[in-house]
Amino acid sequence: MKAVRFHEYGGIDVLRVEEVERPVPGPGQVLVEMRAAGIQPGEVMIRKGARHERWPATFPSGQGSDLAGVVVEAGPQVRGVAVGDEVLGFTHNRASHAEFVVADDVNLTPRPKGLPWDVAGSLYVAGTTAYATVFAVDPGPADTVVVSGAAGGVGSLAVQLARRRGATVIGLASEPNHAWLKDRDVIPVAYGQGVAERIRQASGGNVDAFIDTFGDGYVDLAVELGVRPERIDTIRDWRAAARVGARTCGEGAAACAVVLGELARLAERGEIEVPIARVYPLERVRDAFRDLERGHTHGKIVLHP
């Protein structure tokens, strides 16, 4: 089968699509023929070696956590899933950017019939991370919540989940994404110089919670706006969080098939939208990551193995 590999830390040019042996599922595992797999900013950091102390790579390394496809083989002692099932889920083995992937049965959930493959294959990391960030700051109808990176893969879902709880949501995003935010009852605010004053004007001077999906000083901005540390959550700036006592709840805090299944059903019913920015064939994985690393992407970038 074909799979993405890199044999050393580095830039986009270290990514290769190689012929590798098709994996065999073990006990409690199935083999999934892939239909779609999202790509993540975290994968960029791992590939560059910037997360070596936290998430070291073993070479040659694969990539990919999100997965959606059809079960084509089942190992012994598999429960709740069978050959022919259409599923979405995840692997922790950096392996889903490939034509086939082995996944544990407990990490899969059925694909709702009305859920597009591209959405199913890009929902795990962004969706469970957004779910965890919103849970961490616990917004309610009386709260005003600010979300940085509000049009990105995680931010676009976090603003919608916070609105579902009844909160007033302010989304920090570039001007081209303001209309999308307004259509989802989110108050758009441009980031950059003067953002603190713009947030104060939009919020009436009161911000109760802050979800940071971008890093780059937003934890300190939340403190400046008067948000209590326990109601600040960041998925990027762990050092600032440690310094001020903010939360760092992200993907791992909600990484389970139960949460993923709930998000998939919400997406199928149209109660949340999972924006798909662009789709690339597996052979163009470098182009996909080049697109991602340029930034300002509205929604998810997806690979088609």
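The protein is annotated in an unreviewed UniProt entry as NADP-dependent oxidoreductase of Microbispora bryophytorum subsp. camponoti.

1. Quick word on the nonpolar core
Counting residues in each nonpolar core, the largest one holds 42 residues, and the members touching the most others are Leu123, Val147 and Val159. Elements represented by at least two residues in this core include exactly β5 (86-90), α2 (117-120), α3 (124-137), β8 (144-148), α4 (155-164), α5 (178-183), β11 (209-212) and α9 (257-268). Take this core: its biggest share by element is seven residues, from α3. Ignoring sequence-local partners within four residues, the contact set of Leu123 consists of Asp66, Leu88, Thr128, Leu157, Leu260, Leu263, Ala264 and Val274. The next biggest cluster of nonpolar side chains, apart from the first, holds 19 residues, and it includes Val146, Val195, Ile199 and Ala246.

2. Quick look at the pattern of salt bridges
Under the counting rule described, the total for this entry stands at 19 salt bridges. Of the charged contacts in the structure, one is a salt bridge between Glu293 and Arg47, with a shortest N-O distance of 2.7 Å. Taken as a pair, Glu293 in helix α10 (residues 285-294) and Arg47 in helix α1 (residues 41-48) lie far apart in primary sequence, 246 residues in all. On the basis of relative accessible area, Arg47 is assigned to the buried category, the value being 0%.

3. Focus on the sheet that holds strand β9 (residues 168-172)
Strand order in the open sheet formed by five strands is β10-β9-β8-β11-β12, and the pairing between neighbours is parallel. Among the strands making up the open sheet, the edge pair consists of β10 (187-189) and β12 (232-234). The mean angle between the axes of side-by-side strands here comes to 15°, regardless of whether they run parallel or antiparallel. Bridge count between β11 and β12: three bridges; the pairing is parallel.

4. Some remarks on the packing of aromatic side chains
Summed over the entire model, instances satisfying the criterion amount to six aromatic pairs. Both rings, one in Trp55 and one in Trp238, keep their centres 6.1 Å apart while their planes meet at 80°; by these two values the pair is edge-to-face. Of the two residues, Trp55 is situated in the loop between α1 and β4 (66-74) and Trp238 in helix α8 (residues 238-244); the sequence distance between them amounts to 183 residues. With relative accessibility at 25%, the residue Trp238 sits in the partly exposed group. One residue, Arg22, lies across the ring of Phe100, its end atom 4.6 Å from the ring centre. Here the basic side chain of Arg54 rests over the ring of Trp238, its NZ or CZ set 3.9 Å away from the ring centre.

5. A word on the pairing of β5
Look at any regular strand and the pattern is simple: side chains alternate between the two faces of the sheet. Burial of β5 is extensive: four of the five residues sit out of reach of the surface. Examined bridge by bridge, β4 and β5 share five bridges and lie antiparallel to one another. Looking at β5, one finds that Gly69 is bridged to Val87.

6. Points about the side chain of Asn177
Along the chain, Asn177 turns up in the loop between β9 and α5. Residue classification places Asn177 among the buried positions, given a relative accessible area of 10%. Contacts of Asn177, omitting those with residues within four sequence positions, involve Ala151 and His298.

7. Looking at α4
Most of α4 sits out of view: eight of its ten residues are buried. For α4, the complete set of buried residues consists of Gly155, Ser156, Leu157, Ala158, Val159, Gln160, Leu161 and Ala162. As for α4, its buried residues are in contact with α3, β8, β9, α5 and α9.

8. A word on the UniProt feature "domain: Enoyl reductase (ER)" (unreviewed entry) in the protein
As recorded in UniProt, the feature "domain: Enoyl reductase (ER)" (unreviewed entry) lies at residues 10-303. Overall, residues 10-303 shows 30% helix and 22% strand. The separation of its end C-alpha atoms is 21 Å.

9. Things to note about α10
Buried within α10 we find Val285, Ala288, Phe289, Asp291 and Leu292. Axial view of α10: buried residues confined to an arc of 155°, hence all on one face. Where α10 is buried, its residues meet β1 (2-5), β2 (16-19), α1, β13 (276-281) and β14 (300-304). Phi turns positive, to about 80°, at Gly295, one or two residues after α10.

Rules behind the numbers
- Residues numbered from 1 in each chain as written.
- Predicted model: local features only at pLDDT ≥ 70, side-chain atom pairs only at ≥ 80, totals over all residues.
- Heavy atoms only, no water.
- Core = buried A, V, L, I, M, F, W, Y, C linked by side-chain atoms within 4.5 Å.
- Buried < 20%, exposed > 50% of the residue type's maximum accessible area, 1.4 Å probe, protein only.
- Helix = DSSP H or I, 4+ residues; strand = E, 2+ residues; numbered from the N terminus.
- Contact = heavy atoms within 4.5 Å.
- Salt bridge = Lys/Arg side-chain N within 4 Å of Asp/Glu carboxyl O.
- Pairing = 2+ DSSP bridges.
- Axes fitted to C-alpha atoms, helices over the stretch in contact; angles between N-to-C directions.
- Phe/Tyr/Trp six-rings, centres within 6.5 Å; stacked < 30°, edge-to-face > 60°.
- Lys NZ or Arg CZ within 6 Å of the ring centre and 35° of its normal.
- UniProt positions renumbered as here; feature names shortened; annotations may be inferred.
- Arc of directions from axis to C-beta.

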